[in-house]
Amino acid sequence: MSVNRTELVAKIAERANLTKVQADAALAAFQEVLVESLAAGESVKVTGLLSVERVERAARTGRNPRTGEEIQIPAGFGVKLSAGSTLKKAVSA
């Protein structure tokens, strides 16, 4: 089972005593800040919850699964998520 955006907004609104519109705006703002920060090469840390950072990926040789032909995969960027202590405790309980 998973929580979709609508359900997440409803839960945030209830817990923070906000309207759903306000909670959705806060979630959208968090998303924008996260995306803009990562695009600028900055990491985002929410103490106890998670840490998100942009990481470089080196160029490498891959293989086309359909033909078996070797292909060159260019260098690029990826995203690394790390769970904080509060999140780790919640998952392990």
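Everything below is about the structure shown above.
These notes cover the structure that comes with them. The structure displayed is predicted, hence computed values, not measured ones.

What follows covers unusual backbone geometry. The backbone of Asn-17 shows a phi angle near 55°, a positive value even though the residue is not glycine. Along the chain, Asn-17 falls in the loop between helix H1 (5–16) and helix H2 (20–39). For Asn-17, a relative accessible area of 72% puts it in the exposed group.

Quick look at the sheet that holds strand S2 (residues 50–57) now. A sheet is described by the order of its strands in space; here three strands give the open sequence S1-S2-S5, paired in antiparallel fashion. Of all strands in the sheet, those with a lone pairing partner are strand S1 (44–46) and strand S5 (76–83), marking the two edges. For this sheet, the mean angle separating the axes of adjacent strands, direction not counted, is 25°. Strand direction decides the pairing type here: S1 and S2, joined by three bridges, are antiparallel. Following the sheet pairing, Val-44 is matched in S2 by Val-52. Sheet strands in contact with H2 are S1, S2 and S5, and its direction is about 35° off that of S2.

Another point: the pairing of S2. Counting the residues in the hairpin turn of S1 and S2 gives three residues, including Gly-48, whose phi is positive at 85°. Bridge count between S2 and S5: eight bridges; the pairing is antiparallel. Each bridged residue has a counterpart across the sheet, and for Arg-57 the counterpart in S5 is Gly-76.

Conventions used here
Residues numbered from 1 in each chain as written. Predicted model: local features only at pLDDT ≥ 70, side-chain atom pairs only at ≥ 80, totals over all residues. Heavy atoms only, no water. Helix = DSSP H or I, 4+ residues; strand = E, 2+ residues; numbered from the N terminus. Buried < 20%, exposed > 50% of the residue type's maximum accessible area, 1.4 Å probe, protein only. Pairing = 2+ DSSP bridges. Axes fitted to C-alpha atoms, helices over the stretch in contact; angles between N-to-C directions. Contact = heavy atoms within 4.5 Å.

So far we have only geometry, and geometry alone does not tell us how the molecule works.
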